[in-house]
Each structure stands twice: as structure tokens, then as C-alpha cells.
Amino acid sequence: MGRKPKSQTKLTSRSRKKTLKPSETPALPPTFQPTEAEELLEQEETSEKESVIVISGREAVREVLGMVAQMPYPGVGLRTVAGILRGETRANWLSYIARTESWGVFFPNPLPVVEGFIRDLIRLGYLEGSHFIRLTEKGQRVLENQETPSVRRRLKLISRKVRPLLWKLLLLRARLVNERKAPGLFKDEVLLQLLEKQPTTLDELKQIKGVGKFIVQRLGEEIIQIINSFRSGTDGSGKIAEG
């Protein structure tokens, strides 16, 4: 038998690629298939807009980078950055807290988780430094919306709408600790419930888990006043003033 006509020759892999229809998309190799974390990354906010807590990766990156960018030269330490973002209050941090709107944004997360997130940003090149943390050119491009941050880890963030209320409650707790009237009186879980439920009467305050008689009798009226002022929009920013 003679040779087969060229038209009957099997298609090579290269020629098969050329014959793909526009609507057909080749399957990605296993190494390029999107991971579960990367798919979740596309869902930036899993909570509703009115939620007190938002879960996000990219927004968390911008909060960290924005806070670091607002710190004085040559920068501040990683522990300080994490503590401020977590809502901690220390006398030597007050001038830093006054510079940023991100104080307490990561309040729902344990401190080690926040520190680990910042280390991830250093490893990815958005931040630099060991003793003093500073913004890199890559991080600056993210803040200027010239680059989209690529992270897999997501954190819980306090939504912007309730941050002034959180600041007021954090300051109240810090004052009580400073005056040694009730050290450690408000646990984090209690503050989160106050943010979410926002009781406007003493009866509603009593329903908050962790709120005992001491809080109701000694601080109940002040807490209710803080919440009502926040809800009516007459409390100002509530944050520590710079200078």
C-alpha cells in the first residue's frame, strides 16, 4: 500500500490547539488550578454591608499599609503596629493612635493572628524592616490603587460605620484600667456584643452576656449614653485627638 495522504495524518498537539473553537477553553494543569483560598479571595466581603464585622483579605492589606504609611519616620515596630490595629491602648502609643483611623480595625482577631498577617505582608514585599516597619514601593502602589494585593489569608475587620463606637468603648475600658476601678472589666467578647447589639436601655444592657451587676449599676448609664450618642451622630469621632 502506498503512503497515506497528508490530509489523513494525525493532528499534532500544536495543530489541535489551533483548531480549538473560540468558546472552548483548555483545562488548566493541576499546578495552575485555583486553590480554595484563591477562590475565597475573590469574595472580599462575606458579610452584608450593614454587618458590624466584615471578613476580607484585600481590605485588611490596605488597612495595614495605610496605618503604616501614617506613622512618623523611621516607622514603628511590628508589635506596635499589630497592637494598635488590634485596639490596644498604651500611653506611649497615643500619638500614633491619633494619626490613624485604623485603630482597633482588627479587634475581633487574636494578636498573634494580626502579627502573622503583618509578617506575611513583609514576606510578600508590601512592607519592609525588622525593628521599624515601613511601606515599600510595592505597598505604595497598592494604596494608590495601581496594584491589587495578592494575599490568601483573610481577617475579620470592624466595619467603618461602628469604629467610632468601638473607640469610645476602648477608651472607657482604658480609663477604668488606668483608674484601677475595674481592671479587665470589659472582656473583648463583651465589647463585641455591645457593638453588635447596641443596647439603648439598662434592661437591654442586662441581656448582654458577661455584663454583671457592677457594670449595670456603676457604668450602665455611661455605656447607654455613649451608645445613644453614637446612634444619634452627636458623639464626634470618639478617637484620641492628636497633640
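Treat the numbers as computed from the prediction; the structure is a model and nothing was measured.

Describing the pattern of salt bridges
Then comes step 1: Under the criterion given, the structure shown has 12 salt bridges.
Then comes step 2: The partner of Arg160 in a salt bridge is Glu59, with the nearest N and O atoms 3.7 Å apart. With Arg160 in the loop between strand 4 (155–158) and helix 8 (163–178) and Glu59 in helix 3 (residues 58–69), this pair connects stretches of sequence that are 101 residues apart.
Then comes step 3: For Glu59, a relative accessible area of 28% translates into the label partly exposed.
Then comes step 4: With a shortest N-O distance of 3.2 Å, Arg79 and Glu88 are connected by a salt bridge.

So, the layout of surface pockets
Then comes step 1: A volume near 390 Å³ is recorded for the largest pocket.
Then comes step 2: Split into classes, the residues belonging to the lining of the largest pocket amount to 5 nonpolar, 3 polar and 5 charged.

A short note on the side chain of Ser159
Then comes step 1: On the secondary structure map, Ser159 appears in the loop between strand 4 and helix 8.
Then comes step 2: For Ser159, the contacting residues outside a window of four places in its chain are Ser51, Val52 and Val54.

Overview of helix 9 (residues 188–197)
Then comes step 1: Taken residue by residue, helix 9 has Val190, Leu191, Leu192, Gln193, Leu194 and Leu195 as its buried positions.
Then comes step 2: Buried residues along helix 9 sit in contact with strand 1 (53–56), strand 4, helix 8, helix 10 (202–206) and helix 11 (213–232).
Then comes step 3: Phi for Gln198, located one or two positions after helix 9, is positive at around 45 degrees.

Topic: the confidence of the model for the protein chain
Then comes step 1: Per-residue pLDDT for the protein chain has a mean of 81; in total, 73% of the residues score no lower than 70.
Then comes step 2: Across residues 7–49, where pLDDT falls below 50, the model places 25 contacts with residues more than four positions away in sequence or in other chains.

A word on the side chain of Arg173
Then comes step 1: Tracing the backbone through its elements, the reader meets Arg173 in helix 8.
Then comes step 2: Overall, Arg173 belongs to the buried group, its relative accessible area being 17%.

Side note on the environment of Ile118
Then comes step 1: Topologically, Ile118 is positioned in helix 6 (residues 111–123).
Then comes step 2: Considered as a pair, Ile118 and Leu65 are 53 residues apart in the sequence and their alpha carbons are 9.3 Å apart.

Considerations on the packing of helix 8 against helix 9
Then comes step 1: Across the interface, helix 8 lies against helix 9 with an axial gap of 10 Å and an inter-helix angle of 145 degrees. Crossing hand, helix 8 versus helix 9: right-handed. Packed against helix 8, whose contacting residues are Leu165, Leu166, Leu169, Leu170 and Arg173, the element helix 9 presents Asp188, Leu191, Leu194 and Leu195 at the interface.

Rules used throughout
- Residues numbered from 1 in each chain as written.
- Predicted model: local features only at pLDDT ≥ 70, side-chain atom pairs only at ≥ 80, totals over all residues.
- Heavy atoms only, no water.
- Salt bridge = Lys/Arg side-chain N within 4 Å of Asp/Glu carboxyl O.
- Helix = DSSP H or I, 4+ residues; strand = E, 2+ residues; numbered from the N terminus.
- Buried < 20%, exposed > 50% of the residue type's maximum accessible area, 1.4 Å probe, protein only.
- 1 Å grid on protein atoms, 1.4 Å probe; cavity = no way out; pocket = protein on both sides within 12 Å on 5 of 7 lines; lining within 4 Å.
- Points joined across faces, edges and corners; volume = space filled by probe spheres on them.
- Nonpolar A, V, L, I, M, F, W, Y, C, P; charged D, E, K, R; others polar.
- Contact = heavy atoms within 4.5 Å.
- pLDDT = per-residue confidence, 0-100.
- Axes fitted to C-alpha atoms, helices over the stretch in contact; angles between N-to-C directions.
- Left-handed = near helix turned anticlockwise from the far one by under 90°.

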